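Per-entry structural report
As a plain string of letters, each chain reads:
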Amino acid sequence: MAQLSDDCFAFGGSLMPVDEAVALIASRLRPVAETEMAPLAEADGRVLAEDLVAPLPLPPFTNSAVDGYALHGADLPAEGEAVFPVSARVQAGMSSAAPIEPGQAVRIFTGAPMPEGADTVFMQEDVRLDEAGGVILPAGLRRGANVRPAGEDISVGSTVLRAGQILRPQDVALVAALGLTEVSVRRRVRVAVFSTGDEIVAPGSTRGPAQLFDSNRFMLRAMLARLGCAVTDLGILRDEGDLIARVLAEAAAAHDLILTSGGVSTGEADHVKASVESVGSLVFWRVAIKPGRPVAMGVIRGAAFIGLPGNPVASFVTFAHVARPAIRALAGAKPETLLAMPLRAAFSYRKKEGRREYVRASLRRGADGAYEAEKFPREGAGLLSSLVDTDGLVELGEEVTGVKPGDIVRFLPYSSLL
Ligand code: AMP
Ligand code: MG
């Protein structure tokens, strides 16, 4: 898994700004190189490996956009109504009717090919039929109306999707419309994940009186799955430096990234940092982010290492803002610009300058009907309810020192972070 060289970063021990940490990670991580073919039904969420060029135009042939009557634009009634005999009928899927003669109309249906010579279609709702079966057309229709010309959507040879695109359902639809059965994608990023802590036990096992069920690992697994990673779950490791170092070294051999939670601060039971240094090197371990601060990044025998803090909210926030961009870089996805919604704050908050903070907030309607962000009433980084009962994070930049009700703040809905 030679992704990284061990000496590619150098950073002291102070707090690193979030943007700097992300830029550093992104500039040094090389995307996984191997590609594979993903069949259409499995392409959603995969990272496109090469630009996709349209092998045919869309629509592939000129066709009617409505059910109605096609005719020569030159025959359009200038004023008043005009009657046309109906010379043919063409349904979707039929090859085109014989060329249309001047003075005639052709019965046509949505998606059917336009007969040669016809360039305009009347909607059936806008016409009447006379007793002899002729169609009575009103004046006023624009020449070319209700026709979908070949190539109006996609022209043949154009680049329709770029390498690095994470395929969405609409992208898959486009690939299918072009007649392809599979696309070239990067292989999935291989991620090993484990929790640390003597107090942490797996859900389903017996919990001692001073123990907690492991929630982080399942949150992280779910977040990794949404990013299309192939995850190896290494369970829970006790707070033992040698054990952690051994597992890190083993996991590095078969994964692109090792993601852990807990044990990255400076307590006596926090062994993750030292373990990383014993088998690889640490790039940074403190980021100016709250909740979060102790978030470590390193390199272990060519694999990337990211150690998230143990508190569940800190784990969530640092995954979203540090691990997620790193994983996207490994996956070969184009960098993501998070589009924060400008929203009115419905809360006051004081904050230290020089670090980025994320405040858990719910959306509500203000008295004037406009949406505003309401802060979750408590701040603990261990409160899972604060993530479950809110809609997203208000991002307060490094320069911000406080928020007053009515200030416009940047709101990131959870849907944009997951
Ligand atoms: P640490 O980062 O190891 O100092 O842990 C900080 C806090 O997060 C402690 O209260 C831990 O009990 C808690 N914690 C650590 N790991 C987990 C986990 N996997 N699930 C839930 N809570 C955890
Ligand atoms: Mg711990």
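1. Considerations on the overall build of the protein
If you tally the helices and strands in the protein, you get eight helices and 29 strands. Relative to the 2.2 N^0.38 estimate, which gives 22 Å for 418 residues, the radius of gyration of the protein is 30 Å and therefore markedly larger than a compact globule would have. Taking the principal axes of its C-alpha atoms as reference, the protein extends roughly 95 × 55 × 45 Å. If you take every contact in the protein between residues at least 6 apart in sequence, the share linking residues at least 24 apart comes to 72%. Within the structure as shown, the protein displays about 19,400 Å² of accessible surface, and the carbon and sulfur contribution to it stands at 52%. Seen as two clouds, the 42 positive and the 50 negative side-chain charges of the protein have centres 7 Å apart.

2. So, the domain arrangement of the protein
Domain assignment breaks the protein into domain 1 (18–34 + 188–331), domain 2 (35–57 + 158–186), domain 3 (63–148) and domain 4 (341–416). With seven residues of domain 1 at the contact, the number on the domain 2 side is seven residues. With both sides pooled, the region where domain 1 packs onto domain 2 buries about 620 Å², and carbon together with sulfur makes up 46% of that total. It is E34, R188 and A331 in domain 1 that bury the most area against domain 2; as a group they hold 64% of the surface buried on that side. Remark: the boundary between domain 1 and domain 2 carries zero salt bridges.

3. Structural notes on the sheet that holds strand β6 (residues 86–90)
Spatially, β6-β7-β4-β8 is the arrangement adopted by the four strands of the open sheet, whose pairing is mixed. What marks the edges here is a single partner per strand, and that holds for β6 and β8 (120–123). Pairs of neighbouring strands in the sheet enclose a mean axial angle of 30 degrees, with direction left out of account. Note that strand β4 (residues 68–71) and strand β7 (residues 105–108) share three bridges and pair antiparallel. Bridging from a neighbouring strand, Y69 pairs with R107 of β7.

4. Some words on the nonpolar core
Counting 48 residues, the largest nonpolar core has L259, F284 and F319 as the members making the most contacts within it. A per-element tally of this core places helix α6 (residues 312–331) first, with twelve residues. Each of domain 1 (18–34 + 188–331) and domain 4 (341–416) gives at least three residues to this core. For F319, the contacting residues outside a window of four places in its chain are L220, M223, L224, L227, L259, L308, R324, P325 and I327.

5. Digging into the pattern of salt bridges
Scanning the entire structure with this criterion turns up 25 salt bridges. Of the charged contacts, one joins R238 and D198 as a salt bridge, the two residues approaching to 4.0 Å between their closest N and O atoms. Pair noted here: R238 is in the loop between β17 (230–237) and α4 (241–254) and D198 is in the loop between β14 (190–196) and β15 (200–201), with a separation of 40 residues, a long-range link. Between K375 and E379 there is a salt bridge, and its shortest N-O distance comes to 3.0 Å. One network of salt bridges, in which partners are shared, links D19, R356, E395, E398 and R410.

6. What about helix α3 (residues 216–226)?
When we look at burial in α3, the residues that qualify are N216, R217, M219, L220, M223 and L224. Viewed end-on, α3 has its buried residues packed into an arc of 160 degrees, placing them on one side of the element. Summarising the contacts, the buried residues of α3 are in contact with β14, β17, β18 (257–261), β22 (303–308) and α6. Just past α3, the residue G228 takes up positive phi, approximately 80 degrees.

7. What about the sheet that holds β18?
Pairing within the open sheet is mixed, and its six strands lie in the order β17-β14-β18-β22-β21-β19. Unpaired on one side and paired on the other, β17 and β19 (281–286) mark the two borders of the sheet. Taking each pair of neighbouring strands and ignoring which way they run, the sheet shows an average axis angle of 15 degrees. Inspection of the sheet shows β19 paired to strand β21 (residues 294–300) by four bridges, in the antiparallel sense. Each residue of the ladder has a partner; that of L282, found in β21, is G298.

8. Section: the site of ligand 1
Neighbouring ligand 1 are 15 residues, the closest being E199, D214, G263, G310 and N311. Between an oxygen atom of ligand 1 and a side-chain N or O atom of E199, the distance comes to 2.5 Å. In the environment of ligand 1, a nitrogen atom lies 3.1 Å from a nitrogen or oxygen atom belonging to the backbone of S215. Computed on the free molecule, ligand 1 has an accessible area of 480 Å², of which 78% lies beneath the protein chains in the complex. Residues that form the shell around ligand 1 fall into these classes: two nonpolar, ten polar and three charged.

9. Some thoughts on the side chain of R217
In this structure, R217 sits in helix α3. Of the polar contacts made by the side chain of R217, one reaches the side chain of D214; its length is 2.6 Å. If we ignore the near neighbours within four places in the chain, the residues touching R217 are F194, S195, A202, D233, G235 and I236.

Calculation rules
- Residues numbered from 1 in each chain as written.
- Chains lettered and ligands numbered in written order.
- Predicted model: local features only at pLDDT ≥ 70, side-chain atom pairs only at ≥ 80, totals over all residues.
- Heavy atoms only, no water.
- Helix = DSSP H or I, 4+ residues; strand = E, 2+ residues; numbered from the N terminus.
- Rg over C-alpha atoms; globule rule 2.2 N^0.38 Å.
- Contact = heavy atoms within 4.5 Å.
- Areas by Shrake-Rupley, 256 points an atom, 1.4 Å probe, with all protein chains shown as cover.
- Lys, Arg positive; Asp, Glu negative; His and termini not counted.
- Charge placed at Lys NZ, Arg CZ, Asp CG, Glu CD.
- Domains from an automatic or database assignment.
- Buried area = accessible area lost by both parts, 1.4 Å probe.
- Salt bridge = Lys/Arg side-chain N within 4 Å of Asp/Glu carboxyl O.
- Pairing = 2+ DSSP bridges.
- Axes fitted to C-alpha atoms, helices over the stretch in contact; angles between N-to-C directions.
- Core = buried A, V, L, I, M, F, W, Y, C linked by side-chain atoms within 4.5 Å.
- Buried < 20%, exposed > 50% of the residue type's maximum accessible area, 1.4 Å probe, protein only.
- Arc of directions from axis to C-beta.
- Near = heavy atom within 4 Å.
- Polar contact = N/O pair within 3.5 Å; in protein donor to acceptor, adjacent residues only side chain to side chain.
- Nonpolar A, V, L, I, M, F, W, Y, C, P; charged D, E, K, R; others polar.

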